[in-house]
Amino acid sequence: MEFGLTFIVATLIIVFLISLSKIYIEVTYKRNDENDYVAVNVYALKKLISYTMQVPMVRIVEKSGEFTLESTVRTAVSRKKTDPIREEKLIKKTDQLVKKHPRKIRHTIQKFHHYSKQYCKIIEKLLKLIVCEKMFWKTKFGSEDAALTGALVGILWAFKSLLMNQLKRRIFSMGTLDIEVKPIFGSNQFEIDFQCIFSIRLGNVIKAFRSIYNIK
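Along each chain, residue indices are assigned from 1 in the same order as the chain's sequence is written. Since the coordinates come from a predicted model, pLDDT governs what is reported: local features require at least 70, and pairs of side-chain atoms require 80 or more to be given and counted, while whole-chain, interface and lining totals use all residues. Note that the side-chain values use all heavy atoms of the structure and ignore hydrogens as well as water.

Participant: Whenever I open this one, the nonpolar core confuses me. Can you help?
Facilitator: Soluble, globular proteins show a tendency: their nonpolar side chains are buried together. Residues enter a nonpolar core if they are buried and are Ala, Val, Leu, Ile, Met, Phe, Trp, Tyr or Cys, with the set joined through side-chain atoms within 4.5 Å. Accessible area is worked out with a 1.4 Å probe on protein chains only. A residue is then buried under 20% of its type maximum, exposed over 50%, and partly exposed in between. With nine residues, the main nonpolar core is built from Cys 132, Met 135, Trp 137, Met 164, Leu 167, Ile 171, Ile 192, Phe 194 and Cys 196. Here a helix means four or more residues in a row that DSSP labels H or I, a strand means two or more in a row labelled E, and each is numbered from the N terminus. Mapped by element, the contributors of at least two residues to this core are strand E7 (131-143), helix H4 (146-170) and strand E9 (189-201). Contacts of Ile 171, omitting those with residues within four sequence positions, involve Leu 127, Lys 128, Ile 130 and Cys 132. The next biggest cluster of nonpolar side chains, apart from the first, holds eight residues, and it includes Ile 122, Leu 126, Ile 130 and Ile 200. Two residues qualify as a contact provided that any one of their heavy atoms is within 4.5 Å of a heavy atom in the partner residue.

Dropping the structure here:
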């Protein structure tokens, strides 16, 4: 009896401590000329649990007068292209579905619009519990026209400032910020180096998923 009670209390304490632990989401994006690298790393319990996903870059390619989707997974050291047959099949199936079942498409869109409002409310509450631990966002931009470079650098600064203000309004707390826009005069260049780490308590994520499940 005492062993069973001790086990239950210990289990409750462990569950409580896990709910207080944080989940970290690290987003990395790098662009150098036409090379892109996008990765999302999710980890918890001091990286005891970790998952990294490389996001494929999708672009539209014209072949023999027809447009197809081509996805590419780009890393810092290699580039791997996927077979475009899968993307072509997806486009054909989507086209057939729209033409043969327009009512089903409209019904799906209506349902999506109805439930998205409720989901957005939950997401907004969840965003207010997120902490931005670190943000590094460095942009290099340049062109041969010095006046154009100066004007676009000003626009980039305004865009970043507006985005930072919106982020501060929507999330709980902001940590270390390192924002920079560097003009390059006399040379066509565009580089982005972005890294952001968000954190949220696991208990808050569980509550959000429960709310979404209840809506479903």
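Participant: Would you explain a positive patch on the surface in this entry?
Facilitator: A cluster of like positive charges, contributed by Lys 117, Lys 121, Lys 125 and Lys 128, occupies part of the molecular surface. With respect to the secondary-structure elements, Lys 125 resides in helix H3 (residues 102-127). Grouping into patches uses exposed residues only, defined as over 30% relative accessible area, and leaves out salt-bridged ones; the cut-off is 9 Å for like charges and 5 Å for nonpolar side chains (Val, Leu, Ile, Met, Phe, Trp, Tyr). Per-residue accessibility takes into account occlusion by the displayed protein chains alone, with areas from the Shrake-Rupley method and a 1.4 Å probe. Put simply, a salt bridge is a Lys or Arg side-chain nitrogen that is within 4 Å of an Asp or Glu carboxyl oxygen. Residues scored as charged are limited to Lys and Arg (positive) and Asp and Glu (negative), so that His and the chain ends carry no count. The atoms used to mark charge sites are NZ of Lys, CZ of Arg, CG of Asp and CD of Glu.

Participant: Just checking my understanding: could you explain the sheet that holds strand E2 (residues 35-44) for this structure?
Facilitator: Backbone-to-backbone hydrogen bonds pair the strands of a sheet. The strands run either parallel or antiparallel. Spatially, E3-E2-E1-E9-E7-E8 is the arrangement adopted by the six strands of the open sheet, whose pairing is mixed. What marks the edges here is a single partner per strand, and that holds for strand E3 (49-54) and strand E8 (173-185). Sheet twist, expressed as the average angle between the axes of neighbouring strands with direction ignored, equals 10°. Bridge analysis of E7 against E8 gives twelve bridges, and the strand direction is parallel. Within E8, the residue paired with Phe 141 across the bridge is Pro 183. With axes taken as lines fitted to C-alpha atoms, and helix axes fitted only over the stretch in contact, angles between N-to-C directions fall between 0 and 180 degrees. Lying on the sheet, H4 is in contact with E7 and E8; it crosses E8 at an angle near 175°. Strands qualify as paired when DSSP identifies two bridges or more between them.

Participant: Where do I start with the environment of Lys 138 in this structure?
Facilitator: Looking at where Lys 138 falls in the secondary structure, it is placed in strand E7. Overall, the relative accessible area of 25% leaves Lys 138 in the partly exposed class. Contacts of Lys 138, omitting those with residues within four sequence positions, involve Lys 160, Glu 180, Glu 191, Ile 192 and Asp 193.

Participant: Just checking my understanding: could you explain the pattern of salt bridges for this structure?
Facilitator: Applying the stated criterion to the full structure yields two salt bridges. As a salt-bridge pair, Glu 133 and Lys 22 come within 3.7 Å of each other at their nearest N and O atoms. Of this pair, Glu 133 sits in strand E7 while Lys 22 sits in strand E1 (residues 22-32), placing them 111 residues apart in sequence. Owing to a relative accessible area of 27%, Lys 22 belongs among the partly exposed residues under this scheme. In this structure, Asp 193 and Lys 30 form a salt bridge, with 2.8 Å as the shortest nitrogen-oxygen distance. Linking Asp 193 in strand E9 with Lys 30 in strand E1, this pair joins segments that are 163 residues apart in sequence.

As far as function goes, none of this settles anything; it's purely spatial.
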